[in-house]
Every structure is written in C-alpha cells, then in structure tokens.
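# Observations on the three-dimensional arrangement
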Amino acid sequence: MRELGLFILYVMLIAVAEALTTFTDPVYGVSLHAIILISLLVLSALRPSGNPSSLFLSLSLAPLIRIVSLSLPLAYFPRYAWYLVAGLAVLLAALTLMRVEGLGFREVGVTLSSPLAQVAVGLTGIPFGIIEYYILRPEPLAVGSLFENALLAVALIFFTGFAEELVFRGVMQRSAVEAFGWKAGLLGVSVVFSILHMGWLSTLDVLFVFTIGLFFGFIAFKTGSIIGVSLSHGLTNVILFLLMPTR
C-alpha cells in the first residue's frame, strides 16, 4: 500500500507539472518535471533491485518525455526532424532503462505474436485518428514536398507510435502490473498517459486518450506484444495531424 500511495503521489505531481506547463509558464512546469525526474531516479536507486525500484525508474520516463519535448531547440529544423530527434531521445532513454533492468525486447512486448491480430489492432488507429480529429481539429502538420511529408508520417508512426508505446505499455505498464496487479497497473499507466495530453486544453480529449490507453494496455497485456498498439498509435497521429486536416 505504501508503494501505491507513492505512485499516486507522483502521478499527482506529474499532473501539477503539466497544469503549470499548460496554464501558467512552461518554465515552471519543466522545472517541476525535472525535480520529479531526479527524485524518481534517486528513489529508485535507494531501493533494492526489482519492484518497486523498477516501477519508479520506469515512471521517470513520463517527466522526461515532457522535458525533452519542451527543451530541445528544434525551431529551425523541419517538422519531421522534431519528432525524429525528440522521439529518438525518448527511445534511447527507454532502451537504456531496459539495459539497466536487464530486460529483453520480448519482455517489453517487442514481438510479433498473433500477427493477424496485431494488424487488426493496428488498423484501429484509423477510426481513432478520425475521432480525435473531430475532438481537437488541429492545424495540419503537412508542409513542404511529398518526400518531406512521407518522412513526417514515418516519424509519427515510429517515434510517437513505437517509442511511446515502448515507454508506456512496454516498460512502465510491465512494472506497474508486477507491482499492483494488471487492473490497477493498466489504470495507473493510462492515467499518466492521458495526463501528458493536458496541453491540448480539451477535457474530452484527455478522457478519450485515457480510454484509448486502457484499450492499448489491455491488448498489450493479453497478447504480450506492443506491435499492434504501436501501429495503431502511429496511425492515429498520421490521420489526426496529416490526413484529416488536409482532406
């Protein structure tokens, strides 16, 4: 129960940091995220290996995602490079954590079990992207040549799809399920996932993302693979930011 209480406390702190980033000044939000990140790393280091040490280490990836997204000087880079550079930083952090924890790719769901089922799950990204477009109606990301837009689509699929699913459903959910059981683990990680979408200023979108997070989490838990949900996540963003706004 103590570990669950600490987990809830940190989720609340992440929510506060996101609120500061969104509603006051991003500098305050990033500063709090940095404090959360450091304290999670220290907390993990002070505990014996295994859970809950792994849980708090994996949770540190959440504030890291926001710090990376707001701190990298990407204004002079093409759009596809934004997602490539930021996503690569998050991916490297997740791979480093896996190495520290001694986790193989199969253990975090990077395996193509039930391939037809994974393809079917991946295609859910199409309706998810359409629905989220009508919730947010974002400005189109598509700019420049067809080649640049194709690179942007690849970056969205791999670096927002695969990289984020590796973080949330592959690494973080694995630790949370081991610590709290599958129901509480899926719920907790889905809450963290949805909180990081607060910046869109849409309560409906946060609820939608929370629901999708539960769906992704359940599929990854039952199939033992994040391939399908990674494809779905990536397709959702391609539909949301590239296709629907320019239709």
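In this text the structure is predicted, and so the values were computed from the model without any measurement.

### Points about the pattern of salt bridges
Within the structure shown, the criterion is met by four salt bridges. For the salt bridge of R174 with E107, the shortest nitrogen-to-oxygen distance reads 3.9 Å. Of the two residues, R174 is situated in helix 8 (residues 146-180) and E107 in the loop between helix 5 (79-101) and helix 6 (115-123); the sequence distance between them amounts to 67 residues. Under the relative-accessibility criterion, E107 is labelled partly exposed at 44%. We note a salt bridge from E178 to R174, for which the minimum N-O separation is 3.4 Å. Taken as a pair, E178 and R174 lie in helix 8 at a separation of four residues, close to a single helical turn. Judged by its relative accessible area of 48%, E178 is partly exposed. Its relative accessible area of 23% is what places R174 among the partly exposed residues. Among the ionic contacts, a cluster of salt bridges with common partners joins E107, R174 and E178.

### As for the packing of aromatic side chains
Enumeration according to the criterion identifies 13 aromatic pairs in this entry. Here F215 and F216 contribute two aromatic rings whose centre-to-centre distance is 6.0 Å and whose plane-to-plane angle is 45°, an arrangement assigned as tilted. Among the residues examined, F216 registers a relative accessible area of 2% and is labelled buried. Among the aromatic residues, those joined into a cluster by ring pairs are F128, F208, F215 and F216. The ring of F193 is capped by R169, whose NZ or CZ atom sits 4.3 Å from the centre of that ring. In this structure, K222 is placed above the aromatic ring of W182, and the distance from its NZ or CZ to the ring centre is 5.9 Å.

Thresholds applied
- Residues numbered from 1 in each chain as written.
- Predicted model: local features only at pLDDT ≥ 70, side-chain atom pairs only at ≥ 80, totals over all residues.
- Heavy atoms only, no water.
- Salt bridge = Lys/Arg side-chain N within 4 Å of Asp/Glu carboxyl O.
- Helix = DSSP H or I, 4+ residues; strand = E, 2+ residues; numbered from the N terminus.
- Buried < 20%, exposed > 50% of the residue type's maximum accessible area, 1.4 Å probe, protein only.
- Phe/Tyr/Trp six-rings, centres within 6.5 Å; stacked < 30°, edge-to-face > 60°.
- Lys NZ or Arg CZ within 6 Å of the ring centre and 35° of its normal.

Structural measurements only, silent on function.
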